[in-house]
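In case you want the letters, here they are:
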Amino acid sequence: MTGRYPLRSGMNSCGRALALNWLGASGGLPRNETTFASILQKQGYSTGLIGKWHLGVNCESLNDHCHHPLSHGFDYFYGLPFSLFHECQPGGLLEMDAKFRAQLTLVTQIMAFAVMTLVIVRYSNMIAINGNVIFYSALFTILFFTTWYLKYGFIHYWSCIIMRNHEIIEQPMKVERTSSQIMRETLQFIDRNKNSPFLLIVSFLHVHTPLVTTKAFTGKSKHGHYGDNVEEMDFMVGSVVNAIDNAGLKNNTMIYFASDHGGHLEVKDGTFQIGGWNGIYRGGKGMAGWEGGIRVPGIFRWPGIIPSNAQIDEPTSLMDIYPTVVNLGGGELPKDRIIDGRNLMPLLTKTSPHSEHEFLFHYCGTHLHAVRWHQKESGAIWKAHFVTPNFSPEGAVGCYDIVICACEGDHVTHHDPPLLFELSADPSESNPLDPHVDPQYKAVLNRIKRAVAEHQETISMVPLQLSFLNNLWKPWLQPCCGTFPLCWCDKEDSNVTEILG
């Protein structure tokens, strides 16, 4: 959205939080950030976002919508202002603070057992116990249970909602029909804006866990539930492409399809792994350095402009969307801030043989874990790992004990000397160079360290949007279709599932 490393806008934290944990939190994309949508909006484009947002809603008061898509350059928003997670699916696995909730449940059970014991002791005349002790103990137990259960027991009401612009359409959302709703809104947006310039971002729920798949695609793939979900996403992408073509926009529309990260290895349903697979690449989602978490395909289509059936093996970044789209829309990049992305059009049109990125910096929260160097004169791509997550259990390639790897503390290893890989020859990052034997190690690492020093001089301290306080659930900021805590509504057409069914 900003073309910048998240560190520059404060969209990270020093702790465990890698994203917003609550829709009713106060953190989110700051108002002083300029999205590429806001630039194209000023250029006369109709701008739309359909699907997931997960960059915040309110700052200081209910309905101030300071982080909302409509406050960041979008004319139209439909979808999830938060993200998709297991509690959104009735009867699904526990995901949000699952271990902490288990501890709270245990403490509540112990407190209730203690109260029952006091009652039994009193009325069996074993020991004289003042009735007020029992009353206040019971009251404290009830208040303790109510406090935490109001927060966690109704998560699907607090964070699993659908909005159209500023209006809440569903609370809680009905996940079995959300994909059809997203498709309907996407096709309608294209149809009503086909006669003028538009920018549309479709952020699918697929293949994010839980793997919500409609009946039409369930059981269709030989690769199980994950394969079904991929096939449904393929159908949805095809429907968007067909809508563009049928509207007569094929030759003047660039389509860019990409994923935001690699497969989430640690997500399981019992013993069945449901979070995806990263092939030869090591690691997965939430691991800032390993290729399995950050290497994803980018697929482009623009007939007559971008050569068809071409493959480009150059390191780029999702930050590159920003300057590419701004350039195509006739806008200008902001001059009052550093833009880390690079225009992709010279690379895509084959007028330049290389990506403009010489170095890419891979952060986990506020911590720099790895750096990639594209040594253009030799064609080599190097990556130095300064910090790596500690996998568990031993021998695993993931953080199965905590579900998603942490960025700091006892959960990581600091490497001195750093691990160094030549990705062009070792894409699976299996064989680090020996710092004592390999003659290239010292020269390559010295160049990377100089780049790190230069890069860090450009970083300014800004408020952390995912700090502990900004990521706390604040009931007074909770979007509510009704009067809190009585938050529920369904303003959707119940027959919408026919689009995919």
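- The protein goes by Sulfatase N-terminal domain-containing protein in an unreviewed UniProt entry, where it is assigned to Engystomops pustulosus.
- Of the protein, the UniProt comment under Sequence similarities (unreviewed entry) reads exactly: "Belongs to the sulfatase family."
- Entered under Cofactor (unreviewed entry) in the UniProt record, the comment concerning the protein runs "Ca(2+)".

1. Structural notes on helix H3 (residues 98-123)
Then, number 1: Between its first and last C-alpha, H3 extends 38 Å over 26 residues, near the 38 Å set by a 1.5 Å rise per residue.
Then, number 2: All of the buried residues in H3 are Arg101, Leu104, Thr108, Met111, Val115 and Val121.
Then, number 3: Here the buried face of H3 lies against helix H4 (131-152) and helix H5 (155-159).
Then, number 4: Phi turns positive one or two residues past the end of H3, at asparagine 125, with a value near 60°.

2. Some thoughts on empty space enclosed by the protein
Empty space among the atoms can be located by rolling a probe the size of a water molecule over them.
Then, number 1: Inspection of every chain in the model, using the stated rule, returns one cavity of 30 Å³ or more.
Then, number 2: Computed from the structure, the largest cavity encloses a volume of approximately 50 Å³.
Then, number 3: The wall of the largest cavity is formed by Asp320, Arg342, Asn343, Leu344, Pro346, Leu347, Ser352, His354, Ser355 and Glu356.
Then, number 4: Grouping the constituent residues of the lining of the largest cavity by class yields three nonpolar, four polar and three charged.

3. Structural notes on the sheet that holds strand E12 (residues 380-389)
Then, number 1: On the basis of which strands lie adjacent, the open sheet formed by four strands has the order E10-E11-E12-E13 and antiparallel pairing. With partners counted over all chains shown, the strands left at the sheet margins are strand E10 (359-364) and strand E13 (412-422), one partner each. Averaged over all neighbouring strand pairs, the angle between strand axes comes to 15°, with direction disregarded.
Then, number 2: Relative to strand E11 (residues 367-375), E10 is paired through six bridges, and the arrangement is antiparallel. Among the inter-strand pairings, leucine 360 is bridged to a residue of E11, identified as arginine 372.

4. Some remarks on the packing of helix H6 (residues 175-193) against helix H7 (residues 224-246)
Then, number 1: Their axes nearest at 10 Å, the elements H6 and H7 cross at an angle of 15°. When the axis of H6 is compared with that of H7, the two are roughly parallel. The element H6 and its partner H7 pack so that their crossing is right-handed. In contact with Ser179, Met183, Thr186, Leu187 and Ile190 of H6, H7 contributes Met236, Ser239, Val240, Ala243 and Ile244.
Then, number 2: For the contact of H6 with H7, the class distribution of residues is seven nonpolar, three polar and no charged.

Calculation rules
- Residues numbered from 1 in each chain as written.
- Predicted model: local features only at pLDDT ≥ 70, side-chain atom pairs only at ≥ 80, totals over all residues.
- Heavy atoms only, no water.
- UniProt positions renumbered as here; feature names shortened; annotations may be inferred.
- Helix = DSSP H or I, 4+ residues; strand = E, 2+ residues; numbered from the N terminus.
- Expected span 1.5 Å × (residues − 1).
- Buried < 20%, exposed > 50% of the residue type's maximum accessible area, 1.4 Å probe, protein only.
- Contact = heavy atoms within 4.5 Å.
- 1 Å grid on protein atoms, 1.4 Å probe; cavity = no way out; pocket = protein on both sides within 12 Å on 5 of 7 lines; lining within 4 Å.
- Points joined across faces, edges and corners; volume = space filled by probe spheres on them.
- Nonpolar A, V, L, I, M, F, W, Y, C, P; charged D, E, K, R; others polar.
- Pairing = 2+ DSSP bridges.
- Axes fitted to C-alpha atoms, helices over the stretch in contact; angles between N-to-C directions.
- Parallel < 35°, antiparallel > 145°, perpendicular 65-115°, else oblique.
- Left-handed = near helix turned anticlockwise from the far one by under 90°.

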